[in-house]
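Okay, here's what each chain looks like letter by letter:
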Amino acid sequence: MIPVSSNGKTEVIVFPSIKKACVDASERFLALFRQAIQVKGIFTAALSGGRTPKLLYETLAKISYKDKLDWDKVHLFQSDERCVPMDHSESNARMIREILVSRIKLPEANAHWMINNNSDWKRSAKDYERTVRKVLNAPKGIPIFDLILLGLGEDGHTASLFEGSRALYEKKRLVVPNFVPQLNSWRITYTLPLINRAKNIIFLVGGKEKKEVFSKLFDLRSQIPAKNVSPVKGNLKFLIDESVIK
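Residues numbered from 1 in each chain as written. Predicted model: local features only at pLDDT ≥ 70, side-chain atom pairs only at ≥ 80, totals over all residues. Heavy atoms only, no water.

A. Main features of the pattern of salt bridges. Tallying each qualifying case throughout the model produces 13 salt bridges. A salt bridge links Asp24 to Arg28, with the shortest nitrogen-to-oxygen separation between them at 2.5 Å. You can see Asp24 and its partner Arg28 sitting in helix α1 (residues 18–40), four residues apart, about one turn around the helix. Given the relative accessible area of 24%, Arg28 is considered partly exposed. The salt bridge partner of Asp127 is Arg130, with a shortest N-O separation of 2.3 Å. (Salt bridge = Lys/Arg side-chain N within 4 Å of Asp/Glu carboxyl O. Helix = DSSP H or I, 4+ residues; strand = E, 2+ residues; numbered from the N terminus. Buried < 20%, exposed > 50% of the residue type's maximum accessible area, 1.4 Å probe, protein only.)

See below:
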């Protein structure tokens, strides 16, 4: 079975193309922003790296969307990051800055990057956890994001929670450094306790190469990391293009 939230608010929505899915995701981003502003005055969203989310950020940066949001009230975070300098070609932060942040009126202080050219990954993770708690006003307990955007790797990972890696089993920490043996590299990632407390989680999944792994979300025999995403009270949406299921 596909992962479900405890209150059953899980939905898979199929689009004719990933571009259409990204337009829908942009509309949802805008709607969630408006809801959050009415309730508490700010909107908090954690973004992911990858090719498919990049299309979403390009859509959000267009005039048709960027001028509909009061970016002063938006705080953007990262759900995971490669342990490389921010100007590195593989940095998620670099991609998000170039594609989205540089094209909108987001205050510099409202963009929260996981790595600030600091090679001490443990310190970076602890600092980022403190930042999340401070901005989301949760000195104790687990902070609640308005939105966490996730992708789905062909191997079943999401954020930087890879099969067999220690972060996948973390119960207390919210943000941790995570060595990924398959890639022989370090990442920094949100853990499941933080992800699953979000009010809204959106997976963007596109491309026929994701067909096999997406089907594993429905397979009771499968134990891929992404199946562990199960919001405590929030909504879980899978926005996919039709090539993923055809």
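B. Examining the pairing of strand β6 (residues 175–180) more closely. Most of β6 is tucked away, with five of its six residues classed as buried. As defined by bridge partners, β6 adjoins strand β7 (residues 185–190) across six bridges and the pair is classed as antiparallel. Residue Asn178 lies in a different strand from β7, and its bridge partner there is Arg187. Linking β6 back to β7 in an antiparallel pair, the connection comprises four residues, with Asn184 at a positive phi of about 55 degrees. (Pairing = 2+ DSSP bridges.)

C. View of the layout of surface pockets. The volume enclosed by the largest pocket comes to roughly 520 Å³. If you trace the largest pocket, you find 23 residues lining it, with Gly49, Gly50, Arg51, Gly153 and His157 closest to the centre. Looking at the lining of the largest pocket element by element, the count peaks at three residues for helix α2 (residues 51–60). Considered class by class, the residues forming the lining of the largest pocket number six nonpolar, 10 polar and seven charged. Here the second largest pocket is characterised by a volume of approximately 260 Å³. Around the second largest pocket, the lining residues are Lys122, Arg166, Ala167, Glu170, Arg173, Val176, Pro177, Asn178, Phe179 and Trp186. (1 Å grid on protein atoms, 1.4 Å probe; cavity = no way out; pocket = protein on both sides within 12 Å on 5 of 7 lines; lining within 4 Å. Points joined across faces, edges and corners; volume = space filled by probe spheres on them. Nonpolar A, V, L, I, M, F, W, Y, C, P; charged D, E, K, R; others polar.)

These results come straight from atomic positions and should not be treated as a statement about function.
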